[in-house]
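Below are the chains, spelled out letter by letter.
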Amino acid sequence: MSGLRPTGDTGEPGGATPDDGPVVDAGHEVTTYLCIGCPLGCRLEVEESAEHEIVEVRGFSCRRGERFARQEHTDPRRTVTTTVAVTGARIPRLPVRTAAPLPKGLVRALCDRLASVRVAAPVRRGEVVLADALGSGIDVVASRDLDRTDAG
Amino acid sequence: MSASRPARPRRVYDVAVVGAGPAGMAAAAGARQAGAERVLLVDREPETGGILNQCIHSGFGLHHFGEELTGPEFAQRAFAEMVDDGLDVLTDSFVVDRDADDELSVMSAEHGVLRVAAGAIVLASGARERTRGAIRIPGSRPAGVMTAGLAQHLVNVRGLLPGRRAVILGSGDIGLIMARRLTLEGIEVAGVFELLAHANGLTRNIVECLDDFDIPLHLSTTVVEVHGRDRVEGVTVAPVGPGLEPLLDRARFVPCDTVLLSIGLLPEAELARSLGARIDPVTRGPVVSSTMETTRPGVFAAGNSVHIHDLVDFVVEEAQLAGRSAAAHVLGGSAPRDNVTLVPGENVRYCVPHTISTDREHTVYLRVRRPLERSWLRLGDAYEKRLRYVVPAEMVTVKVRPRFLEGFSSEALRVDVVPREEG
Amino acid sequence: MSARGTIPREVDVAVVGGGVVGCAIARALSQFELDVCLIDRETDVGFGTSKANSGIIHAGHHSASGTLKGTLEWAGNQQWGPLADELGIGFERVGDLTVAFDEDEVATLERLRRQAVEREVPGVELWDGPRLRREEPNLSPEIVAGLFAPSTGVINPYEACFALAEDAVANGVSLLLDAPVHSIDVVPDGLALGLPEGTVQARVVVNAAGLGADRIEAMVGLHTFDLVARKGEEYLLDKRLEGLVRRIVFPCPTPTSKGTLVIPTFDGTIMIGPTAVDVDDRDDLTTTSDGAAQVLRAARRLVPGISPGDCIAEFAGVRAVATTNDFVIGATEVPGFVNVAGIQSPGLTAAPAIAELATRLVAEQGLALSPEPSPVPFERCPVPVRDLDGATRAERASADPAFGRVVCRCELVTEGEVRGAIRRGATTLDGVKFRTRAGMGRCQGGSCTWRVMEALSAETGRPVDALTKRGGDSWLVLRREDPMIDGATS
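Residues numbered from 1 in each chain as written. Chains lettered and ligands numbered in written order. Predicted model: local features only at pLDDT ≥ 70, side-chain atom pairs only at ≥ 80, totals over all residues. Heavy atoms only, no water.

Trainee: What is the right way to read the overall build of chain B from this model?
Mentor: When helices and strands are tallied, chain B shows 8 helices and 28 strands. What you see for chain B is a C-alpha radius of gyration of 23 Å, in line with the 22 Å of a compact globule of 423 residues. Structurally, chain B occupies a C-alpha span of about 70 × 65 × 40 Å along its principal axes. Counting only residues that meet the buried cut, chain B has 63% of its 423 residues in that class. If you take every contact in chain B between residues at least 6 apart in sequence, the share linking residues at least 24 apart comes to 62%. Carbon and sulfur atoms form 49% of the exposed surface of chain B, whose accessible area is close to 15,500 Å². Charge separation in chain B, taken as the distance between the mean sites of 46 positive and 55 negative side-chain charges, equals 4 Å. (Helix = DSSP H or I, 4+ residues; strand = E, 2+ residues; numbered from the N terminus. Rg over C-alpha atoms; globule rule 2.2 N^0.38 Å. Buried < 20%, exposed > 50% of the residue type's maximum accessible area, 1.4 Å probe, protein only. Contact = heavy atoms within 4.5 Å. Areas by Shrake-Rupley, 256 points an atom, 1.4 Å probe, with all protein chains shown as cover. Lys, Arg positive; Asp, Glu negative; His and termini not counted. Charge placed at Lys NZ, Arg CZ, Asp CG, Glu CD.)

What follows is the structure in structure tokens.
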């Protein structure tokens, strides 16, 4: 389960030991997330009804935490950064990123897709390397300029 | 020197900045903005940007640029902010030392040995990674044990893979980020092992780099032996007891062909040391004043070469100050001398700068020794401030204003971070 | 010039083992009109026991009287000066101090001093506390006296191996590396050595195979000695501590051990160690937490200013100790088979003298020794850039820009030097490291590894994924296995 706080081998300090938590209505499901907003690392709980509607968000210490829990629960997204092959440049790899956060479930598939992309220098930062990645509507763009060199 | 030898070319600058990573670029920009006419920026790599060029992940620049950038994006934008006609950039060039004539000796393929006379120097040479020798991991010495940063370079810049199955020792941010990188490149990450009971990296990296990919983080666990004659064949890991001593009766073997070390960074302070600047035994970087001047007048320092930062934005802030101060040193008009020494007290590992002046505002960076959920930051008896949650992995930043210290008359100001009771 | 020869079918002498002893023997033989080959199972010379040697050229008053090793020690010490000069390798007589913490130990020092006088080891003096404090202010204040021996020196054991082997190759010796000997057959007029890539027939075989010497001897049906593998762990300290001690510091010896030393190496780093632990596995090059604790404790007792945080690297070596506790050097009942085995400490010191002795033994096997009429003078390695002054550095860099580009920042090694080392025979990361020090400093290769790999690939024409740390299966990186590339045009 993603979002769970990691526990040590020993189950000793470091990992939050899961406690019994609040009483939850029948058919409701509680998912926990570790908040990434600040070092506090709040253990957030999202309670969902049997109809998959969010009933309650608990455990946050600030509004950002609550927002994060809702986003992470309903539509978790990640900015994907990786590299693609580039020819004609000083180095053989071009760093790239998604122009906006991508649905989390597509991260690995995108990396697999990018393994077969090759671009030719010169490249400019922001240039689209892969448009509408995996039909997500999100572009993959170059993270930097790379000039053409003779050595490539 | 005999007359027949070829002369070493010589250049004169107001300010010379050593290292063109985020700190060096910000220092150079700061020096130019403060009026230094001729500024030199030197770096040993073939391009500016320093380590940012291999940090292809995002998360840089939220404070400085107001958006989340990848390392290369940050480097390129910082370069664009800095570059101007009064600035010379020398890449693929290495500052060896300062010679008897007080001139920097810079080696490069292009210029051979260049002598640089500068009115002020800013050291921005960044950090190096702690290595296996620093923690003396027992076992054999096969290929495949490397720092996380070297692996990052091989994967992100050179497009090579360090191995097929990796173990990561240490939960520093580079290690966590490399766990994700390796996974996305099809390398199995058998686990991240952390000696301490808490992770060293940012929570965000634990979630996004480990949990997202079901990579286990084993806290209070360490590598007790490396196996393999030619190439790594595995490691023995064991949980540690309260005194961090390995509990060998609970050791187990983890097969792998690669061990990445993410066990901390150390300021690259050799030039500061060779210039005679005093080194803080805790930070391992030079002692600096509130203008980022080392104990050698005219020699300034900033960024990871002074103390290890978590956020590049603070590096930039600190380095701009160093650059401005270097310019002021050359042009005249340096700030008044500091009159208060900061003394790390309870639960404070170090403070940077090491001294401040009560007549103006300062940003003081400090690191705590142990996590506290609620705490007071105390500056002697003069001032106290609530802190929310402090952990060693995240630097604490405090603005110290003159009014905080009104009526304070001693020369040493103790800085404590102590528990705060509820209420 | 490549140091790696093709396999010769017939030679006069095959030296098995390319450690410092084998290299010294091959070089000594190369000065005569003989066909010689030097064979080692590793990918480079000196990559076995020699690599982990402490690098001390002992003065000759420590080892027990009446032994072969005692006799060859002082002779070797005297030969290293001119030899190092000729080969252009670093050698400095830094001197050593054997220290005493109490009156009993002072008595031992006095005994050693008399031994030095008997063996005509010059200049040995007993220093009192105040003198010690003046000469070596960082020694423990609890040390009451020290025995100073000025003729003790330090060298780089691997540098010695490289130079000896290079000189031998320049004078006609075939160097066969990655070549474990798997059989030796007695044939008419000699011995036939089975190697992975063929057979070499030699009139004389010199068994200088170190830890493998008993196995080599067994190949001709002999069992004249037994070996014990004795592991030693060494710890290297940050160069920042250079000058902490100027002389090698020995604790007062016990009947069984020279103890843990503090050694200012030729390169300016301080090394502490070694341990001495008998091990079953001869490939056991592991360092241990017990070893670290023991070495640090012992070193801090001598020099309290050393702290665990100063350690930048550690390594272990295994010495081949004969159960007689002396060198095993001599002809055997198998004609043409000569043993040079059990070369424990002070083997490095004694190596030139051992080579002289081995040359005589080879001659006694019936080979005529006529001096090579036109020996090739040794082409010395250029002085490292880090040891040059600014003007000379500039001169070197203007002649070849590669000598201006710094590859290893911790040890100030230039690309020109790295490429030079590869041209002189380095084929691996460790080969470059031990020839140039690139990767030996405080960052331990974190910043130069890639640059060295690039240079190795460029010079040898091998792709980076074919490079190794030190031969065998010590691969460094793998190539990506990407699927078909879209619209690939390269």
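Trainee: Explanation requested: the overall build of chain A in the structure shown.
Mentor: Within chain A, the secondary structure is distributed over 2 helices and 10 strands. When the helices and strands of chain A are placed in sequence order, the string is β-β-β-α-β-β-β-β-α-β-β-β. Residues counted as buried form 44% of the 152 residues belonging to chain A. Across chain A, contacts joining residues at least 24 apart in sequence account for 45% of those joining residues at least 6 apart. Working note: accessible area of chain A is about 7,500 Å², and carbon and sulfur atoms make up 48% of it.

Trainee: Honestly, the environment of B:Ser409 in this entry has me stumped. Any pointers?
Mentor: Tracing the sequence through the fold places B:Ser409 in the loop between strand S27 (396–400) and strand S28 (412–419). The spacing of B:Ser409 and B:Thr358 is 51 residues in sequence and 9.5 Å in space, taken between C-alpha atoms.

Trainee: Could you clarify how one ought to interpret the packing of helix H1 (residues 22–33) of chain B against helix H8 (residues 312–331) of chain B in this entry?
Mentor: Any two packed helices are characterised by the angle at which their axes cross and by the distance between the axes. Residue and element names in this part refer to chain B. Running from N to C, H1 and H8 point in directions that differ by 40 degrees, and their axes come no closer than 7 Å. As judged from the angle between their axes, H1 and H8 are oblique. As H1 runs across H8, the sense of the crossing is right-handed. Residues Pro22, Ala23, Ala26, Ala27, Gly30 and Ala31 of H1 form the contact with H8, whose participating residues are Val312, Val315, Val316, Ala319, Gln320, Gly323, Arg324 and Ala327. Considering only residue class, the contact of H1 with H8 consists of 10 nonpolar, 3 polar and 1 charged. (Axes fitted to C-alpha atoms, helices over the stretch in contact; angles between N-to-C directions. Parallel < 35°, antiparallel > 145°, perpendicular 65-115°, else oblique. Left-handed = near helix turned anticlockwise from the far one by under 90°. Nonpolar A, V, L, I, M, F, W, Y, C, P; charged D, E, K, R; others polar.)

Trainee: How should I be thinking about the packing of aromatic side chains in this particular structure?
Mentor: Each aromatic ring pair is specified by the distance between its two centres and by the angle formed by the two planes. Residues and elements named next belong to chain C. All told, the structure shown has 6 aromatic pairs over all chains when counted by the stated rule. Relative to Phe434, the ring of Phe47 lies with its centre 6.1 Å away and its plane at 70 degrees, an arrangement referred to as edge-to-face. Linking Phe47 in the loop between strand S2 (36–39) and strand S3 (56–57) with Phe434 in helix H11 (residues 429–436), this pair joins segments that are 387 residues apart in sequence. Each member of the pair Phe47 and Phe434 is classed as buried. Relative to Phe434, the ring of Tyr158 lies with its centre 4.6 Å away and its plane at 55 degrees, an arrangement referred to as tilted. Linking Tyr158 in helix H5 (residues 157–170) with Phe434 in helix H11, this pair joins segments that are 276 residues apart in sequence. Assessed through its relative accessible area of 10%, Tyr158 is described here as buried. An aromatic cluster is built from Phe47, Tyr158 and Phe434, whose rings are joined through pairwise contacts. (Phe/Tyr/Trp six-rings, centres within 6.5 Å; stacked < 30°, edge-to-face > 60°.)

Trainee: What is the right way to read the packing of H1(B) against helix H2 (residues 71–82) of chain B from this model?
Mentor: Residue and element names in this part refer to chain B. Interaxial distance between H1 and H2 falls to 9 Å at its minimum, and their mutual angle equals 15 degrees. One finds that H1 runs roughly parallel with respect to H2. Where H1 crosses over H2, the handedness of that crossing is left-handed. Across from Pro22, Met25, Ala28 and Ala29 in H1, the residues of H2 making contact are Phe74, Ala75, Ala78, Phe79 and Met82. Among the residues making up the contact of H1 with H2, the classes are represented as 9 nonpolar, no polar and no charged.

Trainee: I keep staring at the interface of chain C and chain B and nothing clicks. Help me out?
Mentor: How big an interface is tends to be reported as the loss of accessible area on association of its parts. Taken together, the contacts link 62 residues of chain C with 49 residues of chain B. Taken together, chain C and chain B are joined by 9 salt bridges. Taking the shortest distance from any N to any O, the salt bridge between B:Arg229 and C:Asp283 comes out at 3.8 Å. There are 18 residue pairs in polar contact (both at pLDDT 80 or more) connecting chain C and chain B. Broken down by secondary-structure element, the contributors of at least two residues to the side of chain C that touches chain B are helix H7 (289–302), strand S18 (311–322), helix H9 (390–399), strand S21 (406–408), helix H12 (449–460) and strand S23 (478–479) of chain C. The dominant element in the side of chain C that touches chain B, judged by the number of residues it contributes, is H9(C), at 8 residues. Among the residues forming the side of chain C that touches chain B, the class breakdown is 25 nonpolar, 18 polar and 19 charged. Inspection of the sheet shows strand S11 (residues 160–161) of chain B paired to S23(C) by 2 bridges, in the antiparallel sense. Residue pairing for S23(C): B:Leu161 is matched across the bridge by C:Leu478. (Salt bridge = Lys/Arg side-chain N within 4 Å of Asp/Glu carboxyl O. Polar contact = N/O pair within 3.5 Å; in protein donor to acceptor, adjacent residues only side chain to side chain. Pairing = 2+ DSSP bridges.)

Trainee: I tried to follow the pattern of salt bridges on my own but got confused; where do I start?
Mentor: Within this structure, the stated rule accounts for 77 salt bridges over all chains. Two residues, C:Asp267 and C:Arg437, come together in a salt bridge whose shortest N-O distance is 2.7 Å. Taken together, the positions of C:Asp267 in the loop between strand S15 (261–264) and strand S16 (270–273) and C:Arg437 in the loop between H11 and H12 put the pair 170 residues apart, joining distant regions of the chain. Each of the two residues, C:Asp267 as well as C:Arg437, counts as buried. Several salt bridges converge on common partners, so that one network encompasses A:Glu72, A:Arg78, A:Lys104, B:Glu68, B:Arg204, B:Glu208 and B:Asp212.

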